[in-house]
Structure formats: C-alpha cells, structure tokens
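Given next are the chains, with one letter for each unit.
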Amino acid sequence: MAPTAAHSCRLVLSLLISAAVLRPGLGLYTVNSVYGETIVMPCRLEVPQTLMFGKWKYEKPDGSPVFIAFRSSTRKHVQYDEVPEYKDRLSLSENYTLSISHARISDEKRFVCMLVTEDNVFEAPTVVKVFKQPSKPEIVNKAQFLETEQLKKLGDCVSKDSYPDVNITWYRNGKILDPSEDMVTALRRQVDPATQLSTVTSSLTYKTTKNDIKIPFTCSVTYYGPSGQKTIHSDQAFFDIYYPTEKVTIQVLPPKNAIKEGDNITLKCLGNGNPPPEEFLFYLPGQSEGIRSSNTYILTDVRRNATGDYKCSLTDEKSMIAATTITVHYLDLSLNPSGEVTKQIGDALPVTCTISSSRNATVVWLKDNTKLRSRPSFSSLQYQDAGNYVCETNLQEVEGLKKRESLTLIVEGKPQIKMTKKTDPNGLSKTITCHVEGFPKPAVQWTITGSGSVINQTEESPYVNGRYYSKIIISPEENVTLTCTAENQLERTVNSLNVSANENKEKVNDQAKLIVGIVVGLLLAALVAGIVYWLYMKKSKTASKHVNKDLGNMEENKKLEENNHKTEA
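Calculation rules
Residues numbered from 1 in each chain as written. Predicted model: local features only at pLDDT ≥ 70, side-chain atom pairs only at ≥ 80, totals over all residues. Heavy atoms only, no water. Helix = DSSP H or I, 4+ residues; strand = E, 2+ residues; numbered from the N terminus. Buried < 20%, exposed > 50% of the residue type's maximum accessible area, 1.4 Å probe, protein only. Contact = heavy atoms within 4.5 Å. Areas by Shrake-Rupley, 256 points an atom, 1.4 Å probe, with all protein chains shown as cover. Salt bridge = Lys/Arg side-chain N within 4 Å of Asp/Glu carboxyl O. Pairing = 2+ DSSP bridges. Axes fitted to C-alpha atoms, helices over the stretch in contact; angles between N-to-C directions. Disulfide = S-S within 2.5 Å. Core = buried A, V, L, I, M, F, W, Y, C linked by side-chain atoms within 4.5 Å. Patch = residues over 30% accessible without salt bridge, like charges linked within 9 Å, V, L, I, M, F, W, Y side chains within 5 Å. pLDDT = per-residue confidence, 0-100. Polar contact = N/O pair within 3.5 Å; in protein donor to acceptor, adjacent residues only side chain to side chain.

- In the annotation of an unreviewed UniProt entry, the entry for the protein chain reads CD166 antigen, and the organism field reads Monodelphis domestica.

Set out below in structure tokens:
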C-alpha cells in the first residue's frame, strides 16, 4: 500500500507541473466585472467521477503560476493560499466557481480552473476584465472672460476615477468642436498608484467671436464598460465675451417730447462693447470742447435756451459720436387785466389773454368754475358780468405744462329804485313793492307818512345779479305816502309813492247806492204797474199810452243813474 500511495503523490505532482505545458480543456473565457463589485468565475469544466481535488491559480506576466485556492472532492475541505492581495477576498464553491470580492484593477489577470484526477489534469482559463465608470465630467478653471479674435484658454474638462482610458470631446452649442487653428486641445492623464484609476484632463484653447455670446459650451467623456461604450456629458458653461465698442448711442431722460422748463435732463451715453465704456465726452449746444464724464451727464432746471443739439463720443475715439436734438418746451400766459378789478355798471372793459408757447396751445375760459363758450368781452358791464374769470392753457403733448391766471371782476352801481302798487282783488289791502338795483347790495328801509296798519313789512327776494325787491302789504285808513330808501357805499336813493284810502270807501258807497237804486226802481215799477192796470181797466187805449210814456221816463231815469255811478267811480 505504501509504494502505491507514494506513487500516486508523485504522479499528481508531475501532472500539476506538466499542466502548464499540456493545458487540455476549453479555450479562453472573459469575465467583465465592475470595479468594487464581486468577480464571479465559473470553472466551466465537467467534474469527473474520479476527481481528487480542484484548484485555482493565476499567471504572472512571466507565465509562472500562483495558486490561490484548493478544494478536496472527498473531504469538502477548502484551503486558500497565502496570497496577500487576495486575503479574505476569495470564495470557492462546491462546483468550483471562484468569487473575488471588491474587484480591483490589479485583478485583471488570466485565471485557470484545474480539476485533478489520478491520471490527468483538466484546465479552463478565464480572463478577467475590470471596468470603472468615470465621474461626470466637469468644466473647471473657466476663463473669467474671452476676448474676440484672441486665442485664449477657455477651461479644463476633468473626468476622474476611470478605467480603462477614456476620451474627452468638446462641444459648442451641442456640436462637436473639431480641431482647427481657432481651437486647440491638450489631454493629460494621471494614474492613482493606489487604485490604478485615471484622472483625465482636456484643456481647450479657443478663439471666440461675438457669435459666441450666450452660447453654451460642454464636454463629454466616452468610456467602455461591461456592456460596451457609453458617454457622459458635463453641465453647460457660459462665458463672458469681451468685444470692443463699435457704436455709440445717446439717450435722454425724461423722453425728449416731454421736457419742459424747470425739468432736470439726464443725458446717457452708451457703447455697445463689452465691457461697456465707462467714460465719455459730452458736447453741449454751441460748445466745441467735450465735457468728460461718466456715462451720464445731468442738466438741472433747464430753460428754453437749452434747446439744441447734444452729442457724446468715446474719449479715445472721438469720431465715434452720437447726437440728438432736445426741445425744452415752454408756455407763457399773460392776462390783462388780472387780479381784482372794480368797474362801474355800463363801463367797457377789454380783456386779453396772450399765449406764447413752443407748440400750439389750447385756451379755455372759465367763469366761476364753469367753462365759457368764447372769450369774455364787455362793451357795457352789467351786474351779471361780475365773477371770477380764469384763462387756462396747456400743452397736451407735455404732461404738467399748464398755466392759468384769474380776473376777479366787481361791477359796482349806485342804488336805483322803482316802486309799484297792486290792489288786492277784494279791495281791502294794497301791496307796495320797491324794486332795487345796485352793488354793493343796497340796504332798504321803509317809512310811512299817515295812519294805517302794516300787515307784512320788508318781505325780501334773493339778491341776484345786483337786483332784489322789498315789499309791504298795507290797508290805509286815510291817504298815506310810502317812502323806500336804498343805500350802499356809493349813494343813498329815495323814492315815494302816494296811496289813497278813498278808493276803498267810494267803492263800498257805490255798491250801497246800486242796491238802493235797484230797490227804489222795483217799488216804482210796482206802483206804475198798479196805475196802468187801473187805467187799463178804465180805458185800455188811454191807459196804454200813459204806460208807454211812464216806461220811457223810467228808462231815462235808469240811464241817468248809471251815468252818475260811472262819474262817481
């Protein structure tokens, strides 16, 4: 038995040594793994029934083997060789599948699965590839600004922690930037000795134009992973493009069509370069020398003589100039007469409102805040002409430019009196009215000469346009004289009216006489009728003549009485 066991051991040893030369089994097999994850390598050999044990090794660059794992087919015993880089990272399953945790770049080797029988060794090689996805590329060290027509470094595109090597591409507005005289790239790779991961940097030197204003630049990194080629893009980067001023413009604040006397004017000069110019020369009307200032120049409390052409230019390029015309609008109003004016009734008063303006102005007349249809004209002043007159004008195109002046017209007049009398329908009272005209308002006073009773004294109407009236109602017992006195600061005027008391008494007597006459007439008629009847009975023919004669006399008497009544009235 002993010679047989020794013979078996020598046979196995010789087979393992010669396996490096024989290597029967399958061809190469590649396992793609991700950095940091677990590498899984199946043995890919059919396990023979006479298997003694399985073993895994890897090959050094010089081809020499390094055994790393062993598993017996009978005892189910697993043994891992003392290889420092694989300490605590290996796992060999019952079907001889080898797993390596925490994949590293150094794990890229040729591993071999070996199944050993008493008389043979079977091998299955596996090549391990490790991939590490790079970080998202980032544009760093960006230029603060780019100048047109100058080749200048734009920035660096950096991609970190990648394996294997990656490629970096630059883009302008989403399109690939091809190498040219206006674009130069430089690529640098740096490998971390500990992790063997690479950091790749691509520097872009670029000649910009004004067309690059607000245009995004990006870069991308292209790498290979377990599933093939992939690309990751950076965020967009924008750059401030510097370019010289090609045109100068001038602005006026407030807007040119709204400038009026007393305003402040701000002149603002702008250049279309980037960065914009900070200093300019300002030229005022009639001045050949420019005033050096920042991009603004302020004129305060301007007058109409400030109207004219204003210019500005660059300080170092005076031929590049901008100009504008400014009109300072004005509005003058002169009212003659104005203020408070006192005139006498019947006087003439010419009124003029003279306008002087930078544009056609509208004129409005007001009297006591009511708009007039036309300009007031006074050839003969009346009391109703008194009031507050305003001449108002404005320029509609210029906000806030308006003028107004006022005339307070006072029309004075001495008191004028007119007295009227009206008898009540029943004849028992009389209304005496004193119509007064004048300004200032005259005060009215009544006096009565004679006897009588005053029923309602000094009833007055409203004072309108220099006129009002005062009236009293009286029932005199005898003839009286009523006196109306009107007085203001100018004069005292007196007027009187005689009122007779007989008018009422005579009217009553006339009525009584009429009644008596009617009664007497009726009695006479009855007497004549009796006589006529008696005579008729005696002698109808004679009686008829007498009756006619008497009737004729009666009618004459009646007519005489009516005439007397009219005379008395």
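Some remarks on the overall build of the protein chain
Part 1 of the argument: The helix and strand inventory of the protein chain stands at three helices and 39 strands.
Part 2 of the argument: With 569 residues in all, the protein chain has 36% of them scored as buried.
Part 3 of the argument: Considering only intrachain contacts with a sequence separation of at least 6, the fraction spanning at least 24 residues in the protein chain is 60%.
Part 4 of the argument: When the accessible area of the protein chain is evaluated, it comes to approximately 33,700 Å², of which 50% is carbon and sulfur surface.

Some remarks on the pattern of salt bridges
Part 1 of the argument: Taken as a whole, this structure holds 20 salt bridges when the rule is applied.
Part 2 of the argument: Glu-491 serves as the salt-bridge partner of Lys-414, at 3.5 Å between the closest nitrogen and oxygen. Here Glu-491 lies in the loop between β38 (480-487) and β39 (492-499) and Lys-414 lies in strand β33 (residues 402-423), a separation of 77 residues in the sequence.
Part 3 of the argument: Lys-414 gets classed as partly exposed once you look at its relative accessible area, which sits at 44%.

Digging into the sheet that holds strand β4 (residues 65-72)
Part 1 of the argument: Read from one edge of the open sheet, six strands run β1-β9-β8-β3-β4-β5, paired in mixed fashion. Sheet topology places β1 (30-34) and β5 (78-80) at the edges, where each strand pairs with a single neighbour. On average, each strand axis in the sheet is inclined to that of its neighbour by 25 degrees, with strand direction left out of account.

A look at the state of the cysteines
Part 1 of the argument: Applying the stated rule across the entire model yields five disulfides.
Part 2 of the argument: Between the sulfur atoms of Cys-157 and its disulfide mate Cys-219 the distance is 1.9 Å. Note on the Cys-157 and Cys-219 pair: the S-S dihedral is about 75 degrees, so by sign convention the disulfide is right-handed. Here Cys-157, found in strand β12 (residues 151-162), pairs with Cys-219, found in strand β17 (residues 217-225); they are 62 residues apart in sequence, far enough to count as distant.
Part 3 of the argument: Owing to a relative accessible area of 0%, Cys-157 belongs among the buried residues under this scheme.
Part 4 of the argument: Judged by relative accessible area, which is 0%, Cys-219 ranks as buried.
Part 5 of the argument: Note that Cys-434 is cross-linked by a disulfide to Cys-484, the S-S spacing being 1.9 Å. Measuring the twist about the S-S bond at about -80 degrees, one finds the Cys-434-Cys-484 disulfide to be left-handed. Here the residue Cys-434 occupies a position in strand β34 (residues 430-439), and Cys-484 occupies one in strand β38, the gap between them amounting to 50 residues.

Overview of the nonpolar core
Part 1 of the argument: Met-41, Trp-56, Ile-68, Leu-98 and Phe-111 are the most contacted members of the largest nonpolar core, which totals 27 residues.
Part 2 of the argument: Among the elements of the structure, β2 (39-41), β3 (51-59), β4, β6 (90-92), β7 (98-100), β8 (110-117) and β9 (121-131) are those that each provide at least two residues to this core.
Part 3 of the argument: With 22 residues, the next largest nonpolar core counts Leu-146, Cys-157, Leu-177 and Ile-241 among its residues.

Considering the sheet that holds β39
Part 1 of the argument: A sheet is described by the order of its strands in space; here three strands give the open sequence β35-β38-β39, paired in antiparallel fashion. Every other strand in the sheet has two partners, leaving β35 (443-449) and β39 as the edge strands with one partner each. Strand-to-strand twist of the sheet, defined as the mean angle between neighbouring strand axes without regard to direction, takes the value 20 degrees.
Part 2 of the argument: Where β35 meets β38, seven bridges bridge the pair, whose relative direction is antiparallel. Across the sheet, residue Ala-443 finds its bridge partner in β38, namely Glu-487.

Focus on a nonpolar patch on the surface
Part 1 of the argument: A surface patch of nonpolar side chains, amounting to about 280 Å² of accessible area, comprises Leu-524, Leu-527 and Ile-531.
Part 2 of the argument: With respect to the element layout, Ile-531 can be found in helix α2 (residues 502-538).
Part 3 of the argument: Since its relative accessible area comes to 41%, Ile-531 is described here as partly exposed.

Some words on the environment of Ser-33
Part 1 of the argument: For Ser-33, the location among the structural elements is in strand β1.
Part 2 of the argument: C-alpha of Ser-33 to C-alpha of Pro-226: the two residues are 193 residues apart in sequence and 6.5 Å apart in space.
Part 3 of the argument: Apart from the residues within four sequence positions on either side, Ser-33 is in contact with Ile-39, Ala-103, Val-128, Lys-129, Val-130, Phe-131 and Pro-226.

Considerations on the environment of Leu-349
Part 1 of the argument: As for its placement among the helices and strands, Leu-349 is situated in the loop between β28 (339-344) and β29 (352-357).
Part 2 of the argument: Residue classification places Leu-349 among the buried positions, given a relative accessible area of 7%.
Part 3 of the argument: Along the primary structure Leu-349 and Ser-377 are separated by 28 residues, whereas in three dimensions their C-alpha atoms are 7.2 Å apart.
Part 4 of the argument: Other than its neighbours up to four places away in sequence, Leu-349 contacts Pro-337, Lys-343, Phe-378, Leu-381 and Leu-409.

Considerations on the confidence of the model for the protein chain
Part 1 of the argument: Per-residue confidence for the protein chain gives a mean pLDDT of 84; residues scoring 70 or more make up 84%.
Part 2 of the argument: Counting interchain partners and residues more than four positions distant, the pLDDT-below-50 stretch residues 542-557 has six contacts.
Part 3 of the argument: Between residues 563-569, whose pLDDT stays under 50, and residues either more than four places distant or in other chains, the model counts five contacts.

Points about the side chain of Ser-73
Part 1 of the argument: As for its placement among the helices and strands, Ser-73 is situated in the loop between β4 and β5.
Part 2 of the argument: We classify Ser-73 as buried; its relative accessible area is 18%.
Part 3 of the argument: Within the structure, Ser-73 has its side chain in polar contact with the backbone oxygen of Leu-51 (distance 2.6 Å).
Part 4 of the argument: In contact with Ser-73, other than residues within four places in its own chain, are Leu-51, Met-52, Phe-53 and Tyr-96.

Notes on the pairing of strand β30 (residues 362-367)
Part 1 of the argument: Pairing analysis gives six bridges linking β30 to strand β32 (residues 387-394), with the strands arranged antiparallel. Opposite Leu-366, over in β32, you have Val-390 as the bridge partner.
Part 2 of the argument: Here β30 pairs with strand β31 (residues 370-371) via two bridges, running antiparallel. Bridge pairing in β31 places Lys-367 opposite Thr-370.
Part 3 of the argument: Here β30 folds back onto β31, and the loop between the two strands holds two residues, one of which, Asp-368, carries a positive phi near 50 degrees.

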